[in-house]
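# Chains, contacts and geometry: an overview
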Amino acid sequence: MPELPEVETTCRGIRPHVQGRSLSRLVVRNPRLRVVVAADLPARIEGARLDAVERRAKYLLLRFPAGTVIVHLGMSGSLRVVATAEPAGVHDHVDFVFGEAALRLRDPRRFGMVVWQPGEAAAHPLLAHLGPEPLGDGFDAAYLLRITRGLRAPIKHVLMDSRKLVGVGNIYASESLFRARIHPLEPAGQLGPRRCARLVECVRETLAAAIAAGGSTLRDFVGGDGRPGYFQQQYFVYGRHGEPCRVCGTPVRRIVSAQRASFYCPRCQRRA
Ligand SMILES: [Zn+2]
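Residues numbered from 1 in each chain as written. Predicted model: local features only at pLDDT ≥ 70, side-chain atom pairs only at ≥ 80, totals over all residues. Heavy atoms only, no water.

The protein carries the name Formamidopyrimidine-DNA glycosylase in an unreviewed UniProt entry, which gives Thauera phenylacetica B4P as its organism. What the UniProt record of the protein gives under Sequence similarities (unreviewed entry) is the line "Belongs to the FPG family." UniProt annotates the protein under Subunit (unreviewed entry) with the comment "Monomer." (UniProt positions renumbered as here; feature names shortened; annotations may be inferred.)

## What to know about the UniProt feature "domain: Formamidopyrimidine-DNA glycosylase catalytic" (unreviewed entry) in the protein
When the UniProt feature table is mapped to this numbering, "domain: Formamidopyrimidine-DNA glycosylase catalytic" (unreviewed entry) covers residues 2-112. The span residues 2-112 shows a helical share of 18% and a strand share of 36%, and its end C-alpha atoms are spaced 11 Å apart. (Helix = DSSP H or I, 4+ residues; strand = E, 2+ residues; numbered from the N terminus.)

## As for the coordination of the zinc ion
Octahedral metal centres with six donors ideally show angles of 90 or 180 degrees, and tetrahedral centres with four donors ideally show 109.5 degrees. Ligation of the zinc ion by protein atoms is provided by Cys 245 (SG), Cys 248 (SG), Cys 265 (SG) and Cys 268 (SG), these donors lying 2.2 to 2.4 Å from the ion. What the four donor atoms of the zinc ion show is an angle range of 99 to 113° at the metal, which sorts the shape as tetrahedral. (Donors = N, O, S within 2.8 Å, 3.2 Å for Na, K, Ca; no water. Tetrahedral: all angles 85-135°; square planar, octahedral: opposite > 155°, others 65-115°.)

## Things to note about a positive patch on the surface
On the surface, a cluster of positive charge is contributed by Arg 181, Arg 194, Arg 198, Arg 267 and Arg 270. On the secondary structure map, Arg 270 appears in the segment after β10 (260-264). Arg 270 gets classed as exposed once you look at its relative accessible area, which sits at 56%. (Patch = residues over 30% accessible without salt bridge, like charges linked within 9 Å, V, L, I, M, F, W, Y side chains within 5 Å. Areas by Shrake-Rupley, 256 points an atom, 1.4 Å probe, with all protein chains shown as cover. Salt bridge = Lys/Arg side-chain N within 4 Å of Asp/Glu carboxyl O. Lys, Arg positive; Asp, Glu negative; His and termini not counted. Charge placed at Lys NZ, Arg CZ, Asp CG, Glu CD. Buried < 20%, exposed > 50% of the residue type's maximum accessible area, 1.4 Å probe, protein only.)

## Side note on the sheet that holds strand β6 (residues 92-98)
Strand order in this open sheet of four strands is β1-β6-β7-β5, and the pairing throughout is antiparallel. Looking at which strands have only one partner, the edges of the open sheet turn out to be β1 (25-28) and β5 (78-83). Across the sheet, the mean angle separating the axes of adjacent strands is 20° when strand polarity is ignored. Two elements, β1 and β6, share four bridges in a ladder whose sense is antiparallel. (Pairing = 2+ DSSP bridges. Axes fitted to C-alpha atoms, helices over the stretch in contact; angles between N-to-C directions.)

## Remarks on the packing of aromatic side chains
We describe a pair of aromatic rings using the distance from one ring centre to the other and the angle between the two ring planes. Tallying each qualifying case throughout the model produces four aromatic pairs. Aromatic ring contacts, followed pair by pair, group Tyr 235, Tyr 238 and Phe 263 into a single cluster. (Phe/Tyr/Trp six-rings, centres within 6.5 Å; stacked < 30°, edge-to-face > 60°.)

## Considering a nonpolar patch on the surface
Where nonpolar side chains cluster on the molecular surface, the patch consists of Met 1, Met 75 and Phe 111 and spans about 280 Å² of accessible area. Judged by its relative accessible area of 57%, Met 1 is exposed.

## A closer look at the domain arrangement of the protein
Here the protein is described as being made up of domain 1 (4-123) and domain 2 (141-264). Each of domain 1 and domain 2 was reduced to a C-alpha centroid, and the two centroids are 28 Å apart. (Domains from an automatic or database assignment.)

Rendered as structure tokens:
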């Protein structure tokens, strides 16, 4: 599933090819995504200039003068720049055509979304209640300390709660907690200022490293091979239960909480 680093990599990969160009045509081959693509969407944006390509949480924002097309890649979606003439495959549901280049949405499982928000994108219900960006100024030690006071919920659940912090899914929550040497089920309210500061730093490091790893695969977003550009990374703990911790050699453990698997090293991440 595309997580924040993949969406950020997609955003950076496609931006130079389409930002500032006029949309000549919107081709919707199959509108039945998670939310049906509005029939009047082509009329709203055809002929308009794509002013900016941005990311908010795991949404891509295609900003036009009259409003924003909000794209979510769902479970299996990818957005690539292709030659408009390149024949579309069975899972290529939407093309944003900019002359000879097209931004093509491929989504085999059709959990993705292409929705329109007139005016300010942030007002859309999908975006209105989102917490700060993990790589932005709004997420710092003081913020994490403030939102966790009195909370008995596990810190991992807090990291994954998009109302408190966006874009940190299971993989990056697990990896950040390992780097910070904090047990995933530690009650959030137990973290003091020092551990909050360390965790913020580790969340940022983990995401930045993943984005940097994606940077080398940017060309995958601009090509006709049809492979999504998601990159395999070396994880510390995620998906590695039973394998030795990369730091201390202790077997990594897997526990299930709130129906999500958590991976951690019982030695490096002791409960306080
Ligand atoms: Zn360890």
